[in-house]
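# What the coordinates show
Take a look at the letters that make up each chain.
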Amino acid sequence: MVIDQEAFKEALRGWASGVTVVTSRSGNKLHGMTVSAFCGVSADPPLVLVCANQASTTHGIIEEGGVFAVSILASHQEDVSNVFASAKYEDSRLQQVSWTQGETGAPLIDEALSSLECTVASAHREGSHTIYVGHVQAVHTTNAEPLLYYKGSYRSLHRDDY
Ligand SMILES: Cc1cc2nc3c(=O)[nH]c(=O)nc-3n(C[C@H](O)[C@H](O)[C@H](O)COP(=O)(O)O)c2cc1C
């Protein structure tokens, strides 16, 4: 069956999500990118997943390093999302924001709503992306409100100016 690409993309644009920054470390290389394809998988054992484009630099570092961290962005971190999605800042993203090195060595974005530190439990290549399942090694939470993404725009729970 041939799927109309525009209809496919339009259907996915209607999926409202949070926004994360997924970071990784391999040796002394640190890198990260904005990711909305994230979800919890299992509570016992604690597993989450992220989908990373195989063409992304972050994908290569996760593959090499075997670890990643997910920083779930808070509502005031739209700028952080833009930096970590932008090719312009590709080589200097971590110099644009404040962050802390986590237990696995992957950076954790300061002021994120929550962060989860993972070791790669399994990797599944599908189409252009790889689904990385992460075994959660450490969790950090706050009571901040989430940054949301819907139909190509950032949203927040209590903003009524759309
Ligand atoms: C809101 C938003 C969500 C995104 N979600 C994903 C995602 O789930 N997976 C992915 O591979 N790229 C995603 N991207 C695109 C990457 O952030 C972008 O391609 C980035 O420049 C890749 O960086 P890198 O090649 O330096 O790792 C998203 C971008 C935005 C703005």
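Note: the structure precedes this text.
Right, let's walk through the structure included here.

Rules and cut-offs
Residues numbered from 1 in each chain as written. Predicted model: local features only at pLDDT ≥ 70, side-chain atom pairs only at ≥ 80, totals over all residues. Heavy atoms only, no water. Helix = DSSP H or I, 4+ residues; strand = E, 2+ residues; numbered from the N terminus. Buried < 20%, exposed > 50% of the residue type's maximum accessible area, 1.4 Å probe, protein only. Lys, Arg positive; Asp, Glu negative; His and termini not counted. Salt bridge = Lys/Arg side-chain N within 4 Å of Asp/Glu carboxyl O. Polar contact = N/O pair within 3.5 Å; in protein donor to acceptor, adjacent residues only side chain to side chain. Near = heavy atom within 4 Å. Areas by Shrake-Rupley, 256 points an atom, 1.4 Å probe, with all protein chains shown as cover. Nonpolar A, V, L, I, M, F, W, Y, C, P; charged D, E, K, R; others polar. Pairing = 2+ DSSP bridges. Axes fitted to C-alpha atoms, helices over the stretch in contact; angles between N-to-C directions. Contact = heavy atoms within 4.5 Å.

Position of Arg-93 relative to the elements: it lies in helix α4 (residues 93-96). As a buried residue without a salt bridge, Arg-93 has its nearest oppositely charged side chain in Glu-90, at a separation of 4.2 Å. Within the structure, the side chain of Arg-93 is placed 3.4 Å from the side chain of His-31, a separation counted as a polar contact. Here the side chain of Arg-93 touches Ser-86 through a polar contact of 2.8 Å, landing on its backbone oxygen.

What surrounds the ligand is a group of 18 residues, the closest being His-31, Thr-34, Asn-53, Thr-58 and Glu-90. Between the ligand and Thr-34, the relevant distance is 2.8 Å, taken from an oxygen atom to a main-chain nitrogen or oxygen of the residue. Note that a nitrogen atom of the ligand is positioned 3.0 Å from one of the backbone N or O atoms of Ser-36. For the ligand, the accessible surface in isolation is 650 Å², of which the surrounding protein chains cover 78%. Those elements that provide at least two residues to the shell around the ligand are β3 (29-35), β5 (47-53), α2 (57-65) and α3 (78-85). Here the element with the most residues in the shell around the ligand is β3; it accounts for four residues. Of the residues assigned to the shell around the ligand, the class counts are eight nonpolar, eight polar and two charged.

Spatial strand order, β3-β2-β6-β9-β10-β5-β4: seven strands in an open sheet with antiparallel pairing. In the strand order of this sheet, the two ends are held by β3 and β4 (38-42), each with one partner. This sheet shows a mean twist of 35° between the axes of neighbouring strands, independent of strand direction. In this fold α3 packs onto β2 (20-26) and β3, with an angle of close to 115° to the strand it touches most, β3.

Before going further, it helps to examine unusual backbone geometry. Cis rather than trans, the peptide bond between Asp-44 and Pro-45 has omega equal to 5°. Within the secondary structure layout, Pro-45 lies in the loop between β4 and β5. Unlike most non-glycine residues, Glu-111 shows phi in positive territory, near 70°. Looking at where Glu-111 falls in the secondary structure, it is placed in the loop between β8 (107-109) and β9 (114-126). Positive phi is not limited to glycine here, since Lys-151 has a value of about 50°. Within the secondary structure, Lys-151 sits in the loop between β11 (147-150) and β12 (153-156).

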